[in-house]
Amino acid sequence: MTVGDILAYIDSFAPFCSQSSWDNSGLILGCTQNEVKKALICLDVTRASVENAVKNGCDLIISHHPVIFKAIKSISSSSVYWTLIKNGINVISAHTNLDKAINGVNDTLCDVLEMDYSKLPEEYGEGYMNAGVIKNISSAHQLAQYTAKKLNAAVRFIDAGEPIEKIAVCSGSGGHFYADAKAAGCTALITGDADHHDFLDAASAGVSLIAAGHFETEVPVTDTLFNLLTEKFLNAEFILQPKFNSILTVI
């Protein structure tokens, strides 16, 4: 099995051509012809995940967030890039293409929330949003508590005062899509990140906004990737990076 085999398989259900113009998904480090016997699956290519890959003798890291996103002008020997190259570890990143994909990041989030949902057309939230219902939820406070429990997350929310029926969902940074949620007939939006004015503007528009954390709304997709890749490639070993946020600490 090669890096190219895994790249092609991911492309079959999360086409890299569907990524946003500003994104950097695909094969970021390595060569499609390189052999893969063991691969690590993670949300972010952090020092911890790279060290885990090295310790376990991985040939490949498959991440959601691109290991290289903005231009890099130099690589120091203390950087994760140096460690990856030194150890011959290839990196495939599936970012916005996986966000939108069937059984991708947003679909997985809705499954975790046990939502009866469907994908919204491209005109709503640039194709990143789903919408649906969650049984026995009728208020913003109930929805916030429910989301916090399901995702094991610290949730921020604002109550627009409208009954909660149809709910929009956008994993990651989707707080600015409150107007799209409203246009799609939703009175609530669950996302990862939202800034102060997103909360105020959403409430003014009649949309209760729940922000449950970028990491918390996206990390469930690593389980989905693990299951898909394990079933597809029987001759390789896949390892899941432990699910704790190694980037941010809340005190």
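Treat the numbers as computed from the prediction; the structure is a model and nothing was measured.

**Things to note about the environment of Ala144**
For step 1, the next point in the chain: Mapping Ala144 onto the fold places it in helix 6 (residues 140–151).
For step 2, the next point in the chain: Beyond its immediate stretch of four places on either side in the chain, Ala144 contacts Val155, Phe157 and Ile210.

**Quick notes on the packing of aromatic side chains**
For step 1, the next point in the chain: Inspection of the entire model under this criterion finds four aromatic pairs.
For step 2, the next point in the chain: Ring centres of Tyr9 and Phe233 lie 5.7 Å apart, and the angle between their planes is 90°; this geometry places the pair in the edge-to-face category. Taken together, the residues span a long stretch of sequence, with Tyr9 in helix 1 (residues 3–13) and Phe233 in the loop between helix 10 (221–232) and strand 11 (237–240) at a distance of 224 residues.
For step 3, the next point in the chain: Here Tyr9 falls in the buried class, since its relative accessible area comes to 17%.
For step 4, the next point in the chain: The buried category is assigned to Phe233, whose relative accessible area is 11%.
For step 5, the next point in the chain: Above the plane of the ring of Tyr128 lies Lys100, whose end atom (NZ or CZ) is 4.9 Å from the centre.

**Some words on the nonpolar core**
For step 1, the next point in the chain: Counting 24 residues, the largest nonpolar core has Ile6, Ile10, Ile62, Ile92, Leu98, Leu229 and Phe238 as its most contacted members.
For step 2, the next point in the chain: Looking at this core, the elements that each hand over two or more residues are helix 1, strand 2 (38–42), strand 3 (60–63) and helix 10.
For step 3, the next point in the chain: For this core, the leading source of residues is helix 1, giving six residues.
For step 4, the next point in the chain: With residues up to four places along the chain from it excluded, the contact list for Leu229 reads Ile6, Tyr9, Ile41, Ile62 and Phe238.
For step 5, the next point in the chain: Residues Cys186, Leu189, Phe199 and Ala211 belong to the second largest nonpolar core, which totals 20 residues.

**Remarks on helix 1**
Note: α-helices contain 3.6 residues per turn, so residues at a spacing of three or four share the same orientation.
For step 1, the next point in the chain: Within the sequence span of helix 1, burial applies to Val3, Ile6, Leu7, Tyr9, Ile10 and Phe13. Seen from one end, helix 1 has its buried residues packed into an arc of 165°, which puts them on one side.
For step 2, the next point in the chain: Those residues of helix 1 hidden inside the fold are in contact with strand 1 (26–29), strand 3, strand 4 (90–93), helix 4 (96–100), helix 10 and strand 11.

**Re the side chain of Asp23**
For step 1, the next point in the chain: Turning to its location among the elements, Asp23 is positioned in the loop between helix 1 and strand 1.
For step 2, the next point in the chain: A distance of 2.9 Å separates the side chain of Asp23 from the side chain of Ser25, its partner in a polar contact.
For step 3, the next point in the chain: Contact partners of Asp23, with chain neighbours within four places excluded, come to Pro66, Phe69, His95, Thr96 and Asn97.

**Overview of the sheet that holds strand 1**
For step 1, the next point in the chain: One open sheet holds the five strands; their spatial order is 1-4-3-2-11, and the pairing between them is mixed. Of all the strands in the sheet, just strand 1 and strand 11 have a single pairing partner and so form its edges. On average, each strand axis in the sheet is inclined to that of its neighbour by 25°, with strand direction left out of account.
For step 2, the next point in the chain: By the bridge criterion, three bridges tie strand 1 to strand 4 in an arrangement that is antiparallel. Counted as the bridge partner of Leu29 is Val91 from strand 4.
For step 3, the next point in the chain: This element, helix 2 (residues 47–55), spans strand 2 and strand 3 of the sheet and lies at about 165° to strand 2.

Analysis parameters
Residues numbered from 1 in each chain as written. Predicted model: local features only at pLDDT ≥ 70, side-chain atom pairs only at ≥ 80, totals over all residues. Heavy atoms only, no water. Helix = DSSP H or I, 4+ residues; strand = E, 2+ residues; numbered from the N terminus. Contact = heavy atoms within 4.5 Å. Phe/Tyr/Trp six-rings, centres within 6.5 Å; stacked < 30°, edge-to-face > 60°. Buried < 20%, exposed > 50% of the residue type's maximum accessible area, 1.4 Å probe, protein only. Lys NZ or Arg CZ within 6 Å of the ring centre and 35° of its normal. Core = buried A, V, L, I, M, F, W, Y, C linked by side-chain atoms within 4.5 Å. Arc of directions from axis to C-beta. Polar contact = N/O pair within 3.5 Å; in protein donor to acceptor, adjacent residues only side chain to side chain. Pairing = 2+ DSSP bridges. Axes fitted to C-alpha atoms, helices over the stretch in contact; angles between N-to-C directions.

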